[in-house]
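The lines below spell out each chain.
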Amino acid sequence: MERINSANELEALRKSILSSRDTNKPCITICSGSACHASGSKEVASRIEEEIANQGLSGTVDVRKTGCHGFCEKGPIIVIHPEKICYFQIKPEDVSEIVTETIIGKKIIERLLYTDPATNEKIVYESEIPFYKNQERLVFGSNGSIDPKNLDDYLAIGGYSALAKALFQMTPGQVVEEVKKSNLRGRGGGGFPAGSKWEGSRNAPGDIKYVIVNADEGDPGAYMDRSLLEGNPHSVLEGLTIGAYAVGSHEGYIYVRQEYPLAVENVTTAIKQAQEYGLLGKNILGSGFDFTVKVHMGAGAFVCGESTALMTALEGRAGEPRPKYIRSNVKGLWNRPSVLNNVETWSNVPLIINNGADWFTKLGTESSKGTKIFSVVGKINNTGLVEVPMGMTLRDIIYKIGGGIPGGKKFKAVQTGGPSGGCLPEELLDLQVGFDELTKAGSMMGSGGMIVLDEDTCMVDVARYFLEFLTDESCGKCVPCREGIRQMLQTLTKITQGKGKEGDIELLEELAETAREAALCALGKSAPNPFLSTLKYFRNEYEAHIKEKRCPALSCKELIAFYIDPKKCQACTTCARKCPSNAIIGGKNLIHMVDQEKCTKCGTCFEVCPPRFSAVKKISGEPVPDPIPEEARIIVRGGKKNE
Amino acid sequence: MSDIVLQIDGVEVAAKEGMTVLEAAQKAGIYIPTLCHHEKLEPYGACRLCLVELESRGRSRLVVSCLYPVEKGLVVKTRSEKVDRVRKMILELLLSHAPDAFELQDLAKEYGADKYRFEKEPSFCVHCGLCVRYCAEVKKKEAIGFVNRGTKREISFIPEIASKECWNCKECFPLCPTEALQAAFVLAKALSFPSTEHAPAE
Ligand SMILES: Cc1cc2nc3c(=O)[nH]c(=O)nc-3n(C[C@H](O)[C@H](O)[C@H](O)COP(=O)(O)O)c2cc1C
Ligand code: SF4
Ligand code: SF4
Ligand code: SF4
Ligand code: FES
Ligand code: FES
C-alpha cells in the first residue's frame, strides 16, 4: 500500500474502493466477536469459505468476518447482503444449505430466522427485528458490516474523513470548540464533558502531552468497549487522532486488558495499517501533524481502570490510584497533560466532527447528548449490546429491546453503572437514561452495564454481592475503602444469614458515609452505592431480614426452608429421586417430607416437583409445619377406601 | 514566592505556594492528626485521618490536608461535626487491627472512638506505608513492600534484599506506629534468612 498524502488522495482512494465494490454482489457477513467465537462462529466462517469454493462460487460471493452485532444471545449471526437477510444461531451443518438455498436459490430458510416471541412470527430482515428496530446504532452500527482487519472496509463507509476534515479545515481550537458544543460526556464513568477535559489539556503548559484510550473495562458482564475495539478499531483510532490534534499531543496509548486478546490483535493490526496508509505516524495525510499510538496491555485489575491508577500502570508501576488534587489533564502521565477517555467516548468523536455538534445534540436529554451503548444482561430475554439515544426510558430498553423478563417472572429492579452503581425499582421504569437522571435516582451511568433482576432476587444479597466484588478489587491502600467496605460486607453478610441485629442499618450508613467522604479514589467513594440504593428503594427487605429473619425474595439460603405440602403431594417420588442429599423421606404411596436436618436447600425438589402438583413450597420467616403422623402419610388412590 | 493567606479554624495563616494545608497548619501551630504522613517522604494519602473540611462557594467538602495544596482565601476547618464523625470511624476501623497502638489510643480518647466497635482482628499493621516508603525513598533499598491487594494487602520483607540490608539499618523500625514491623521482621528472619543473624557485618 502506498501512503496517502492528502485529503484529496484519501477521497480518491475511497472512490476507487467503492467503485471496485459491486453493491449487488452477494456478501455473507458473519459475526466474529468474542461471544460468537465462543459459540462457534470460527468454524461456521471456515465452512462458509469451503462451501463457496466447493460450489464454484469463489469470486462471485464475498465473505466478511465482522465484529459483534450486539445480539450475542442469538449468535453466531449471519447477514446476507444485499437483501440483509438475518440468520441466527448458525451451526456449521447449516452452511451448505444456506449457500445452496439462499445464495443460489434466493430462498429463505425459515428455521434459521428470528422468531418474535411476542407474536411467534418469523422475521427476515434485521431492520424489522424488535431488538434492532428500536435502537439507534450510530457508534456501534458499522460493527456488523465491516471487517475490522481491513482498513478499506472502514474507508468505504467514510472512515477517516473526519480526521481529514479536522486536519485541513479546522484549527485545533475549533475541534475543541466543536466537541465542547456537542456536550459529549465521558462514556466510561463519571460523565465528565470531554470538550472541557480536552481544553484543559490544550491550555496546560508543556510541549509533551498525551492522549489515552481507557479500554480496561472491568465491570463484570459489560463488554461494549471490547466489542467496539474488536469490531471497529479504526473508529477509536480516528477519534484518538482527532483528539491528539486538538490538544497538541503526538503520542497516544491504548490501555487494554490482556484478557481481551482479540481486541489487542485487531487494534494492533489497525495501527499498523493506518501507519502504512499514512493515517498515523509522521506527517499524517501530508498535513504536517505527527502522531503515534502504542498498545499497552493491562494485567486486568478492576482498579486499573481508574484514571490515576491506569496512568501509574502505564508508567510501569503498580496500578494503584494516586492521590491528586490536580487533574490529570494538567498533570497526568509522567506528570504531563494527559487526556484519558473511554473507548466509546473516542468513537463518538469522528461522528461529531463529520456531522457537527448540532446534529449530535439533537439526540438525547437536556444534559446527556448522543447515544449510549448498554450491556444488557441478567434476567432478560434478549441479552446483548444495545445502543439507544440518551433519554430512552428503562422500560423501553428492557421491554421493547430486551424483550422483557423470561419465565413469566416479575421485574424487580435494574442495576446500572457497574459494581458501584445502584439498583432502580419498578416505580422508576419510566426514568429516562442519562447521566444526571440516573445519578439523581441514586444509581449511575458508569460505563453502561445494565443487569436486570427479577422477583427471585434478594436486594440485600445483591448489595452484598457487589460489595464482595469491590472488597476483592479494592487496591487496599486507603483505610475507608479497605477497612470500611470490608466491614460493610461483613455486616451485609450477617444480615443475609439471618444474623442481622438492630442498629446494623445505621452502622452501614455510617460506614457508607466514611467511604463516600474519605476514600482516596472513586472506587471507594462509590462503593457504598449498591447498599445505599437498595436501602433507599428496598428498605423493607433489610428490615424483614433483620427483624423477622425473613427473606422476602425467598433467596437467602440461611433464611428459607423447603417444605412439602401434605395436601398436595401425590407421592410421585420425583423429588426423592432427584434430591442430591437424600433429604426426602417418602416412598410409593407415601406423602413425602423434607428432613430439614439433611436438607442443603439446593432447591432441586422445588424445581422438579411437577407443576400440576406444585407440592414443594419455599418458606421464609415462618416455622416449618410439624411433620404429619406416620399413618396419615399413606395415600389411598382410585377411590378405594381403606375403612 | 508570593505569600498565600488562608484561613484555618478562623485564624489567618500565611503559606507559600506549593505547600499543603497540613504544612501550613503545622507551621501555624495548628494540630491535625496524621498517621501516614512523614516530612521526609512523598505524600501518600492513605490513612485519611488528616482530613479537613473545606468551604468554597457555599459548599463544603472533605479533603486530606497532607495533599491539598494551599490556595488563596481557602477556608479550612480542622474540626467539625462531620470531620470528627468520619475521623472517629476511621480510628475505630484501625483499632480493630491495632487496638494497643499508642498513637491511636490518644486519638481514640479525643474522638470518643470505641476500640471494640468492630471485631478484633489483630494484624497490627495499619498500612501506613511508612516502612515501605522510607526504605524505598530514603534508603533506596526496597527491602520491604506491599503484596496483594484489598483486604489481603500486607507488608512483606523481600528476603534477598532484607537479609543483606536490614540488619545494619533498621531505620524504619521506629517509624512503625504499631508492633507490626518488628514482628514481620522477626518472622521473615526466622523463615527466610535465619543464618544471617549471626553473620558478622562483613
Ligand atoms: C474503580 C474504577 C474503575 C474504572 N474502570 C473504568 C474502565 O474500565 N473503563 C473506563 O473507560 N473507565 C473506567 N473508570 C473511569 C475512569 O477513571 C475515567 O473516568 C474514564 O476512563 C474517563 O474517560 P471518559 O471521560 O471518556 O469516561 C473507572 C473508574 C474507577 C473508579
Ligand atoms: S478507595 Fe479503595 S481502591 Fe481507591 S485508593 Fe482507597 S483502597 Fe485503593
Ligand atoms: S432443597 Fe435440595 S436438599 Fe433440600 S430436600 Fe429439596 S432437593 Fe433435597
Ligand atoms: S508495618 Fe508498621 S510502618 Fe509498615 S505499613 Fe504496617 S503499620 Fe506502617
Ligand atoms: S459477538 Fe456476535 S453478536 Fe456479539
Ligand atoms: S496523613 Fe494524610 S492521609 Fe494519612
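Note that the structure is predicted; figures quoted are calculated from it, not measured. (Residues numbered from 1 in each chain as written. Chains lettered and ligands numbered in written order. Predicted model: local features only at pLDDT ≥ 70, side-chain atom pairs only at ≥ 80, totals over all residues. Heavy atoms only, no water.)

Draft legend 1. Seen up close, the overall build of chain B. In terms of helices and strands, chain B carries six helices and seven strands. Sequence-ordered secondary structure for chain B, helices as α and strands as β, is β-β-α-β-β-β-α-α-α-β-β-α-α. Expressed as lengths along the three principal axes of its C-alpha atoms, the size of chain B is roughly 60 × 45 × 25 Å. Expressed as a percentage of the 202 residues in chain B, the buried residues total 47%. Contacts in chain B between residues at least 24 apart in sequence constitute 52% of all its contacts with a sequence separation of at least 6. Roughly 10400 Å² of accessible area belongs to chain B as shown, and the carbon and sulfur atoms make up 51% of that amount. One finds the centroid of the 28 positive side-chain charges in chain B at a distance of 3 Å from the centroid of its 29 negative side-chain charges. (Helix = DSSP H or I, 4+ residues; strand = E, 2+ residues; numbered from the N terminus. Buried < 20%, exposed > 50% of the residue type's maximum accessible area, 1.4 Å probe, protein only. Contact = heavy atoms within 4.5 Å. Areas by Shrake-Rupley, 256 points an atom, 1.4 Å probe, with all protein chains shown as cover. Lys, Arg positive; Asp, Glu negative; His and termini not counted. Charge placed at Lys NZ, Arg CZ, Asp CG, Glu CD.)

Draft legend 2. Expanded view of the overall build of chain A. Helix and strand counts for chain A come out as 24 helices and 19 strands. Relative to the compact-globule value of 26 Å for 643 residues, chain A shows a C-alpha radius of gyration of 28 Å, a close match. Along the three orthogonal principal directions, the C-alpha set of chain A runs to about 100 × 65 × 40 Å. Considering chain A as a whole, with its 643 residues, one finds that 58% of them fall into the buried category. (Rg over C-alpha atoms; globule rule 2.2 N^0.38 Å.)

Draft legend 3. Region of interest: the pairing of strand S4 (residues 59–64) of chain B. Strand direction decides the pairing type here: strand S3 (residues 51–56) of chain B and S4(B), joined by six bridges, are antiparallel. If you follow Leu51(B) over to S4(B), its bridge partner there is Val64(B). (Pairing = 2+ DSSP bridges.)

Draft legend 4. Geometry of the packing of aromatic side chains. All names here are of chain A. Under the definition given, this model contains 22 aromatic pairs over all chains. Here Tyr 465 and Phe 466 contribute two aromatic rings whose centre-to-centre distance is 5.1 Å and whose plane-to-plane angle is 80 degrees, an arrangement assigned as edge-to-face. Using a relative accessible area of 42% as the deciding quantity, one classes Tyr 465 as partly exposed. Members of the aromatic cluster, connected to one another through ring pairs, are Phe 71, Phe 88, Tyr 114, Phe 131 and Tyr 132. The ring of Phe 374 has Lys 372 sitting right over it, with the charged end atom 5.9 Å from the ring centre. (Phe/Tyr/Trp six-rings, centres within 6.5 Å; stacked < 30°, edge-to-face > 60°. Lys NZ or Arg CZ within 6 Å of the ring centre and 35° of its normal.)

Draft legend 5. Quick peek at the environment of Gly173(A). Relative to the assigned elements, Gly173(A) resides in helix H8 (residues 172–182). Put simply, Gly173(A) and Gly281(A) are 108 residues apart on the chain and 22 Å apart in space, counted from C-alpha to C-alpha.

Draft legend 6. Summary view of the packing of helix H1 (residues 7–19) of chain A against helix H7 (residues 161–169) of chain A. Residue and element names in this part refer to chain A. Taken N-terminus to C-terminus, the directions of H1 and H7 make an angle of 165 degrees; their axes are 10 Å apart at the nearest point. As the angle between them shows, H1 and H7 are arranged roughly antiparallel. Pair H1 / H7 crosses with left-handed handedness. Here H1 contributes Ala 7, Leu 10, Glu 11 and Arg 14 to the contact with H7, which in turn contributes Ser 161, Ala 164 and Phe 168. Residue classes in the contact of H1 with H7 are distributed as four nonpolar, one polar and two charged. (Axes fitted to C-alpha atoms, helices over the stretch in contact; angles between N-to-C directions. Parallel < 35°, antiparallel > 145°, perpendicular 65-115°, else oblique. Left-handed = near helix turned anticlockwise from the far one by under 90°. Nonpolar A, V, L, I, M, F, W, Y, C, P; charged D, E, K, R; others polar.)

Draft legend 7. Expanded view of a positive patch on the surface. Together, Lys525(A), Arg57(B), Arg59(B) and Arg61(B) line one region of the surface with positive charge. Classification of Lys525(A) by relative accessible area gives partly exposed; the value is 33%. (Patch = residues over 30% accessible without salt bridge, like charges linked within 9 Å, V, L, I, M, F, W, Y side chains within 5 Å. Salt bridge = Lys/Arg side-chain N within 4 Å of Asp/Glu carboxyl O.)

Draft legend 8. Region of interest: the environment of Ala313(A). All names here are of chain A. Along the polypeptide, Ala 313 turns up in helix H13 (residues 307–314). Between the C-alpha atoms of Ala 313 and Asn 589, which are 276 residues apart in sequence, the distance is 68 Å. Discounting chain neighbours no more than four positions away, the residues touching Ala 313 are Tyr 255, His 296 and Gly 319.

Draft legend 9. Representation of the site of ligand 1. All names here are of chain A. Around ligand 1, 19 residues are found, and the nearest of them are Gly 188, Glu 217, Asn 341, Asn 342 and Thr 345. Glu 217 is positioned such that a nitrogen or oxygen atom in its backbone is 2.7 Å from an oxygen atom of ligand 1. A total of 600 Å² of accessible area belongs to ligand 1 in isolation, and the protein chains cover 89% of it. Sorting the residues of the shell around ligand 1 by element identifies strand S10 (338–342) and helix H21 (522–526) as the ones contributing at least two each. In terms of residues, the shell around ligand 1 owes the most to one element, S10, which gives three residues. (Near = heavy atom within 4 Å. Polar contact = N/O pair within 3.5 Å; in protein donor to acceptor, adjacent residues only side chain to side chain.)

Draft legend 10. Expanded view of the sheet that holds S10(A). Residue and element names in this part refer to chain A. Across the sheet, which stays open at both edges, the four strands sit in the order S9-S8-S7-S10 with parallel pairing between neighbours. Because the sheet does not close on itself, it has two edges, and the strands there are strand S9 (292–298) and S10. Strand-to-strand twist in this sheet, taken as the mean axis angle between neighbours without regard to direction, amounts to 20 degrees. Pairing of strand S8 (residues 251–257) with S9, which is carried by seven bridges, proceeds in the parallel orientation.

Draft legend 11. Representation of the environment of Ala25(B). All names here are of chain B. Examined against the element boundaries, Ala 25 turns out to sit in helix H1 (residues 21–27). Separated by 17 residues in sequence, Ala 25 and Ile 8 have C-alpha atoms that sit 7.1 Å apart. Other than its neighbours up to four places away in sequence, Ala 25 contacts Ile 8, Ile 30 and Ile 32.

Draft legend 12. Region of interest: the site of ligand 2. With respect to spatial proximity, 13 residues lie near ligand 2, and among them Cys475(A), Cys478(A), Cys481(A), Cys521(A) and Gly524(A) are the closest. Looking at the shell around ligand 2 residue by residue, the class counts come to nine nonpolar, three polar and one charged.

Draft legend 13. Structural detail: the sheet that holds strand S14 (residues 422–425) of chain A. All names here are of chain A. Read from one edge to the other, the open sheet built from five strands follows the order S12-S11-S15-S13-S14, with strand pairing classed as mixed. The strands lining the two open edges of the sheet, one partner per strand, are strand S12 (384–389) and S14. Averaged over all adjacent pairs, the angle separating strand axes in this sheet is 30 degrees, with direction ignored. Taken together, the five bridges between strand S13 (residues 411–416) and strand S15 (residues 449–454) define a ladder with antiparallel strand orientation. Each residue of the ladder has a partner; that of Gln 415, found in S15, is Ile 451. Sheet strands touched by helix H22 (residues 529–547): S13 and S14. Its angle to S14, the strand with the most contacts, is close to 30 degrees.

Draft legend 14. Representation of unusual backbone geometry in the model. Residue and element names in this part refer to chain A. In this structure, Pro 76 follows Gly 75 across a cis peptide bond, with omega equal to -10 degrees. Tracing the sequence through the fold places Pro 76 in the loop between strand S2 (62–66) and strand S3 (78–81). In the segment running from His 81 into Pro 82, the intervening peptide bond is cis, with an omega of 5 degrees. For Pro 82, the position within the fold is in the loop between S3 and strand S4 (85–87).

Draft legend 15. Quick look at the side chain of Glu473(A). Here Glu473(A) shows up in helix H18 (residues 459–473). In this view, Glu473(A) contacts Ala301(A), Phe302(A), Val303(A), Leu523(A) and Arg149(B); residues no more than four positions away in its chain are not counted.

Draft legend 16. Seen up close, H1(A). All names here are of chain A. With 13 residues, H1 ought to run about 18 Å at 1.5 Å a step, and its terminal C-alpha atoms sit 18 Å apart, in line with that. Residues of H1 that are buried include every one of Leu 10, Leu 13, Arg 14 and Ile 17, and no others. Angular distribution of buried residues about the axis of H1 spans 100 degrees; they occupy a single face of the element. Those residues of H1 that are exposed and angled more than 90 degrees off the buried face are Asn 8, Lys 15 and Ser 19. (Expected span 1.5 Å × (residues − 1). Arc of directions from axis to C-beta.)

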